[in-house]
Amino acid sequence: MREETRRSKVDVDRKTAQAVGAGILHWYEEVKRDLPWRRTRDPYKIWVSEVMLQQTRVETVIPYWNRFIELFPTIEQLAEAPEPNVLKAWEGLGYYSRVRNLQKGAQVVRDKFGGRVPDTLDEISTLPGVGPYTAGAILSIAYDVDVPAVDGNVFRVLSRIFLIEEDIMKPKTRRTFESLAEFLIPPGRAASFNQGLMELGATICIPKNPRCHACPVQAKCRAQEEGIQEQLPIKEKKKPPRPVDMTAALLRDGDRVLIRRRPESGLLAGMWEFPGGERLDGMTLEESLTAHLRDAFGVQANPSSLFAQVQHTFSHLQWDMRVYECALTAGQVREQEDVKWVAISDLSTYTFPVAHGKVVKELSGLV
DNA sequence: TATGCGTGGCG
DNA sequence: TCGCCAAGCAT
């Protein structure tokens, strides 16, 4: 019996577990949203949706998922697609390593698993970009395996129902929630139950002003009983993003401008940008830009006028980016694979991070 | 265990 | 406005 083999670190009796599991399951079957990836059982398409949904809202993902599936309808086609095309399909979604890992994963599935997404926790977890949450989500949703899928919603919902006051930012806390979530799964119904937990967190048991009156398990919720649902889950504060002064150059040659590709690893890997870099210690922005252009291309360039100022906040960085029109006074920049002179009207065929995309937009408005 | 990695929406 | 938040993973 599963009740005897499964244990939770949280104090929950079987009757409560059964009531909560059934309550959420039945509520979900009644109210679930009609999302495009809920109309398929294709493990590949569910995989794509789960990766896109990492740290990303449903409303944002929908158009990206539709387009991505249209462009790459099968694992085979994704595995064989040119990488820049795949990156382009992700442009604007953020966390770009997700899509690189997704394509690598597709290649692993093709080469090591005969083209079929594996259906065991051990095997699927070997795929790049597939962590504990995504593994559980794909297995339960696509294959009906009774494994938990603990994301931010589940942390919030379960911490409230069972009044769990552990800090969810601590990695070890995940195990507490995973064992509890597994204990709650109505046998054979992990697909609907797991999605129900997340749906509840996304629509009712939301971070602020939770709609407890509409909750199917309100009567079982210990936080609601204590009136402290808004204080949960316990989450330690993150550090504020570090401010960085950035510069970038607008170098023109007729109606063409100079762009370059960022390195294959690190921040915004492989995306295109206007050349420049961080302000260097002890230098002004203009001096730093001149130095960056000299280092990168071996040319002398003078920043003349300020073309644009762009503020952009990442999860860990805050860019204050100033884009200067520059005049080349010595040397010239030759095209290479990762350095191009591009007509303004063709810039849209390249993939830019949002900060540089704002500059592209400014430029396009001038044409 | 702590940090790097995007972007857009909301109160 | 601005801090927080949204279906995390890799290192």
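Just above, that's the structure.
Per chain, residues are indexed from 1 in the order of the written sequence. Numbering of ligands from 1 and lettering of chains from A proceed in the order in which they are written. Selection of residues for local features in this predicted model requires a pLDDT of at least 70, selection of side-chain atom pairs for listing and counting requires 80 or more, and totals for whole chains, interfaces and linings are taken over all residues. For side-chain calculations, the full set of non-hydrogen atoms in the structure is used, while hydrogens and water are omitted.

Caption draft 1: Layout of the overall build of chain A. Helix and strand labels come from DSSP, where a helix needs a run of H or I of at least four residues and a strand needs a run of E of at least two; each type is numbered from the N terminus. If you tally the helices and strands in chain A, you get 15 helices and seven strands. Dimensions along the principal axes, computed over C-alpha positions, put chain A at roughly 80 × 50 × 35 Å. Each residue gets one of three labels from its accessible area relative to the maximum for its type: buried under 20%, exposed over 50%, partly exposed in between, using a 1.4 Å probe on protein chains only. Per-residue burial for chain A yields a buried fraction of 50% across its 367 residues. Here a residue-residue contact requires only that any non-hydrogen atoms of the pair lie within 4.5 Å. Sequence-distant contacts, at least 24 apart, represent 67% of the contacts inside chain A between residues at least 6 apart. As displayed, chain A has an accessible area near 18,500 Å², and 48% of this comes from carbon and sulfur atoms. His is not counted, nor are the chain ends; Lys and Arg add positive charge and Asp and Glu add negative charge. Positions of charges follow a simple convention, taking NZ of Lys, CZ of Arg, CG of Asp or CD of Glu. Across chain A, the mean location of the 49 positive side-chain charges is 3 Å away from that of the 49 negative side-chain charges. Computed by Shrake-Rupley with a 1.4 Å probe, the accessible areas treat only the displayed protein chains as cover when residues are assessed.

Caption draft 2: Region of the structure containing the pairing of strand β5 (residues 300–313). Here, a strand pair is defined by DSSP locating no fewer than two bridges between the strands. Sheet topology places β5 next to strand β6 (residues 317–330); 11 bridges connect them, and they run antiparallel. If you follow Asn-302 over to β6, its bridge partner there is Ala-327. Between β5 and β6, which follow one another and run antiparallel, lie three residues.

Caption draft 3: Local environment of the pattern of salt bridges. By definition here, a salt bridge exists when the distance from a side-chain nitrogen of Lys or Arg to a carboxyl oxygen of Asp or Glu is within 4 Å. Summed over the entire model, instances satisfying the criterion amount to 21 salt bridges. Its salt-bridge partner being Arg-262, residue Glu-273 comes within 2.7 Å of it at the nearest N-O pair. Here the residue Glu-273 occupies a position in strand β3 (residues 272–273), and Arg-262 occupies one in the loop between β2 (256–261) and β3, the gap between them amounting to 11 residues. Judged by relative accessible area, which is 6%, Glu-273 ranks as buried. It is possible to trace a salt-bridge network through shared partners that takes in Glu-83, Arg-100, Arg-261, Glu-264 and Asp-338.

Caption draft 4: How the structure looks around helix α6 (residues 83–90). Turning to α6, its buried residues number three or more, namely Val-86, Leu-87, Ala-89 and Trp-90. The buried residues of α6 all sit within an arc of 155° when viewed along its axis, so they share a single face. Residues of α6 that are buried in the fold lie against α3 (43–52), α4 (58–71), α5 (75–80) and α7 (97–112). Downstream of α6 by a residue or two, Gly-92 has a phi angle that is positive, lying close to 100°. To be clear, the arc concerns the directions from the helix axis to the C-beta atoms.

Caption draft 5: Local environment of the protein's contact with DNA strand C. For this purpose, a residue is taken to be near a molecule or strand whenever a single non-hydrogen atom of the residue falls within 4 Å of it. As a matter of local geometry, DNA strand C sits amid 24 residues, with Gln-55, Gly-129, Asp-151, Asn-153 and Pro-207 nearest to it. Considering DNA strand C, the proportion of its atoms within 4 Å of the protein that are sugar or phosphate atoms stands at 64%. Think of a polar contact as two N or O atoms within 3.5 Å of one another; within protein, one of them needs to be a possible hydrogen donor and the other a possible acceptor, and neighboring residues in sequence only count if both atoms come from side chains. Between a base nitrogen of DNA strand C and a side-chain N or O atom of Arg-38, the distance comes to 3.1 Å. Interatomic distance of 2.3 Å between a backbone N/O atom of Gly-129 and a phosphate oxygen of DNA strand C. Counting residues per element, the ones that place at least two in the surface near DNA strand C are α9 (132–143) and α10 (152–161). The residue inventory of the surface near DNA strand C, partitioned by class, reads 10 nonpolar, seven polar and seven charged. Each residue is assigned to one of three groups, with Ala, Val, Leu, Ile, Met, Phe, Trp, Tyr, Cys and Pro labelled nonpolar, Asp, Glu, Lys and Arg labelled charged, and all others, Gly among them, labelled polar.

Caption draft 6: Quick peek at the packing of aromatic side chains. Any pair of Phe, Tyr and Trp rings, taking the six-membered ring for Trp, is counted once the centres come within 6.5 Å. Such a pair is stacked with planes under 30 degrees apart, edge-to-face with planes over 60 apart, and tilted for the rest. As enumerated under the stated definition, the model contains seven aromatic pairs in all. A ring pair is formed by Trp-37 and Trp-65, whose centres lie 5.9 Å apart and whose planes are at 70°; its orientation type is edge-to-face. One end of the pair, Trp-37, is in the loop between α2 (14–31) and α3; the other, Trp-65, is in helix α4, with 28 residues separating them in the sequence. The burial state of Trp-37 is the same as that of Trp-65; both residues are buried. Following the ring pairs from residue to residue traces out a cluster consisting of Phe-68, Phe-72 and Trp-90.

Without other data, these values stay purely geometric and don't point to any function.
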